[in-house]
Amino acid sequence: MFSSSRSELGQQPPVTTTKATVASPWRTRHPIETVLHADAAGRGDLIEQFVVHKGADVRKRSNNRPARRRRQITVRLLTILSVLVLSACSALGGSDQGGQGGGGGGPEKPTLRVGMLNIVDTASFYLAQERGFFRDEGLTVEPVVAQGGAASIPAVVGGSLDVTFGNYVSFFLAQNQGVGRFRLISDGYQAGPNTFVLVARPDGAVRAPRDLAGRRVAVNTFRNIVELNARSALQTNGVDPNTVQFVEVPFPDMAAALAAGRVDAAAMVEPFITAAERSSGAVPVLDTASGPTADIPLGGYGTTEAFATENPRTVAAFQRAMLRGQQAAADRANVEQVLPTYIRIDRATATLINLGTYPQSLDGTRLQRVADLMTQFALVPGRFDVQPLLAPQ
């Protein structure tokens, strides 16, 4: 490190070196712990020392011990060596699973902008954020609120969002129309009874499904799961959906639009259904997640095919965090607790809402129901196969 030539220092007298005596780790009473606490780079050297030191030690002592004792020593040393080799291989092979998974380091893109709808469907995302599940995976997520999947999905294609929650109809339409190529990476929400409802004013003319013919009905965005469910339910109840005029109104504004008479009915989701019933006496007219649409998958999280291909560790980290969020959302009490933190409702309303379910895996068979319903109502020409959109789980 501080080398100098003889011309600079002059002729120096010969230096006598003495080999330092360093205590071998194999002379300790706990050689395995010695290696386990060494870093990965040092474990190989320690194992080599073990073989040399203990091999010589065994040869020196074995001549003076009975055969049975020699066998015991040999078995013990082989056991120690096996443990050490396995620990070294584990360290060199990247066994540090931690919260970020194994075998490839942390996420390629640790900060994500995620398109979000502030509705019951996304409670699992907010639980994952609140409880640090994303942080455990090395991710920082920034929710960006959108009016619906029809608005946020193009933002993913354009790169202003990395991932988005969206209803499956919007994802399938965008793929079918060539807006982009997508990968669904996590399921989000599945309908339950009275989670999608057409509601009307308490003093209005709409009292039954048949009264909706020729009326103005609010949906949050056109050609999405809300409109598709409404069309299916109307047809099932003997109303031609083509006689209904659908009007775009964001979910948070539907109750006001209904009260002001700008629309005759509104296709609402929770918690806006319960909030409208409590605040303005809105009356339910038709459960649109019933009959052919009962338990239908509603929405999930997706990104572009390019992003998923270029950032596989990021996608896997997001999936692990969301799985924990979905599991947490299986407990209704957790959903009730988190809803008021991102939706403007009180705790009392949160305890009254109707909930669907938060599936813990993407199932192509379930999602195909949505695509087949889209074909039935001519949103896509022919059969649309959802399987190519599903990312590995």
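Caption draft 1: Region of interest: the nonpolar core. One finds Phe125, Phe172, Phe318 and Leu339 to be the most contacted residues of the largest nonpolar core, which totals 103 residues. By residue number, the principal contributor to this core is helix 13 (residues 312-329), which donates 7 residues.

Caption draft 2: Representation of the packing of aromatic side chains within the structure. As enumerated under the stated definition, the model contains 12 aromatic pairs in all. Ring centres 3.9 Å apart and planes at 15 degrees place the aromatic pair tyrosine 126 and tyrosine 342 in the stacked group. Linking tyrosine 126 in helix 5 (residues 123-130) with tyrosine 342 in helix 14 (residues 332-342), this pair joins segments that are 216 residues apart in sequence. Between tyrosine 189 and tyrosine 358, the ring centres sit 4.9 Å apart and the planes meet at 55 degrees, which makes this aromatic pair tilted. Placement of the pair is tyrosine 189 in strand 4 (residues 182-190) and tyrosine 358 in the loop between helix 15 (347-350) and helix 16 (364-376), with a sequence separation of 169 residues. Overall, tyrosine 189 belongs to the buried group, its relative accessible area being 2%. Three or more aromatic residues joined by ring pairs form one cluster here, namely Phe125, Tyr126, Phe134, Phe165, Tyr301, Phe318 and Tyr342.

Caption draft 3: Representation of the pattern of salt bridges in the model. Under the criterion given, the structure shown has 12 salt bridges. One salt bridge connects aspartate 136 with arginine 324, and the closest N-O pair in it is separated by 3.0 Å. In this pair, aspartate 136 sits in helix 6 (residues 133-136) while arginine 324 sits in helix 13, placing the two residues 188 residues apart along the sequence. A relative accessible area of 32% places arginine 324 in the partly exposed class. With its nearest N and O atoms 2.9 Å apart, the salt bridge here joins glutamate 137 to arginine 320. Pair noted here: glutamate 137 is in the loop between helix 6 and strand 2 (140-145) and arginine 320 is in helix 13, with a separation of 183 residues, a long-range link. Classification of glutamate 137 as buried rests on a relative accessible area of 5%.

Caption draft 4: Seen up close, the sheet that holds strand 4. The 5 strands are arranged 2-1-3-10-4 in an open sheet whose pairing can be described as mixed. Taken across any chain shown, the strands that pair with only one partner, and hence form the sheet edges, are strand 2 and strand 4. Each strand of the sheet is rotated relative to its neighbour by a mean of 25 degrees, with strand direction disregarded. Both strand 4 and strand 10 (residues 297-304) contribute to a ladder of 7 bridges, which runs antiparallel.

Caption draft 5: Representation of the packing of helix 8 (residues 168-176) against helix 16 within the structure. As a packed pair, helix 8 and helix 16 sit with axes 10 Å apart at the nearest point and diverge in direction by 65 degrees. As judged from the angle between their axes, helix 8 and helix 16 are roughly perpendicular. For the pair helix 8 and helix 16, the sense of crossing is right-handed. Of the residues in helix 16, those touching helix 8 at Tyr168, Val169, Phe172 and Leu173 are Leu367, Val370, Ala371 and Met374.

Caption draft 6: Molecular detail of the side chain of asparagine 311. Within the secondary structure layout, asparagine 311 lies in the loop between helix 12 (305-310) and helix 13. The class for asparagine 311 is buried, based on a relative accessible area of 10%. Among residues more than four places away in sequence, those in contact with asparagine 311 are Glu108 and Lys109.

Caption draft 7: Region of the structure containing unusual backbone geometry. For the bond from glutamate 270 to proline 271, the omega torsion is 5 degrees, close enough to zero to count as cis. Among the secondary structure elements, proline 271 is positioned in the loop between strand 8 (265-269) and helix 11 (272-280). The phi dihedral of asparagine 194 falls on the positive side, at around 60 degrees, and the residue is not glycine. When you line up the elements, asparagine 194 lands in the loop between strand 4 and strand 5 (196-200).

Caption draft 8: Representation of the environment of valine 244 in the model. Note on placement: valine 244 falls in the loop between helix 9 (225-236) and strand 7 (245-248). When near neighbours in sequence (up to four residues on either side) are disregarded, valine 244 contacts Leu212, Gly214, Arg215, Val217 and Leu234.

Caption draft 9: Examining the sheet that holds strand 5 more closely. The strand order across the open sheet formed by 5 strands is 7-6-8-5-9, and the pairing between neighbours is mixed. Each edge of the open sheet carries a strand with a single partner, namely strand 7 and strand 9 (283-287). With strand direction ignored, the average angle separating the axes of adjacent strands in the sheet is 35 degrees. Pairing of strand 6 (residues 216-219) with strand 8, which is carried by 2 bridges, proceeds in the parallel orientation. Looking at strand 8, one finds that valine 217 is bridged to alanine 265. Packed onto the sheet, helix 11 meets strand 5, strand 8 and strand 9 and runs at close to 125 degrees relative to strand 8.

Caption draft 10: Representation of helix 9 in the model. Under the 1.5 Å per step criterion, the end-to-end length of helix 9 is 16 Å for 12 residues, consistent within 8% with the ideal 16 Å. With 10 of its 12 residues buried, helix 9 lies for the most part within the structure. For helix 9, the full list of buried residues reads Ile225, Val226, Glu227, Leu228, Asn229, Ala230, Arg231, Ser232, Ala233 and Leu234. Positive phi shows up at glycine 238, right after helix 9, with a value of about 80 degrees.

Caption draft 11: Examining the packing of helix 5 against helix 14 more closely. Orientation of helix 5 relative to helix 14, taken along the N-to-C sense of each, is 85 degrees, at an axis distance of 9 Å. Of the possible angle classes, the one that applies to helix 5 and helix 14 is roughly perpendicular. Of the residues in helix 14, those in contact with Ala123, Tyr126, Leu127 and Glu130 of helix 5 are Asn334, Val335, Gln337, Val338, Leu339, Thr341 and Tyr342. Grouping the amino acids of the contact of helix 5 with helix 14 by side-chain chemistry returns 7 nonpolar, 3 polar and 1 charged.

Definitions and cut-offs
Residues numbered from 1 in each chain as written. Predicted model: local features only at pLDDT ≥ 70, side-chain atom pairs only at ≥ 80, totals over all residues. Heavy atoms only, no water. Core = buried A, V, L, I, M, F, W, Y, C linked by side-chain atoms within 4.5 Å. Buried < 20%, exposed > 50% of the residue type's maximum accessible area, 1.4 Å probe, protein only. Helix = DSSP H or I, 4+ residues; strand = E, 2+ residues; numbered from the N terminus. Phe/Tyr/Trp six-rings, centres within 6.5 Å; stacked < 30°, edge-to-face > 60°. Salt bridge = Lys/Arg side-chain N within 4 Å of Asp/Glu carboxyl O. Pairing = 2+ DSSP bridges. Axes fitted to C-alpha atoms, helices over the stretch in contact; angles between N-to-C directions. Parallel < 35°, antiparallel > 145°, perpendicular 65-115°, else oblique. Left-handed = near helix turned anticlockwise from the far one by under 90°. Contact = heavy atoms within 4.5 Å. Expected span 1.5 Å × (residues − 1). Nonpolar A, V, L, I, M, F, W, Y, C, P; charged D, E, K, R; others polar.

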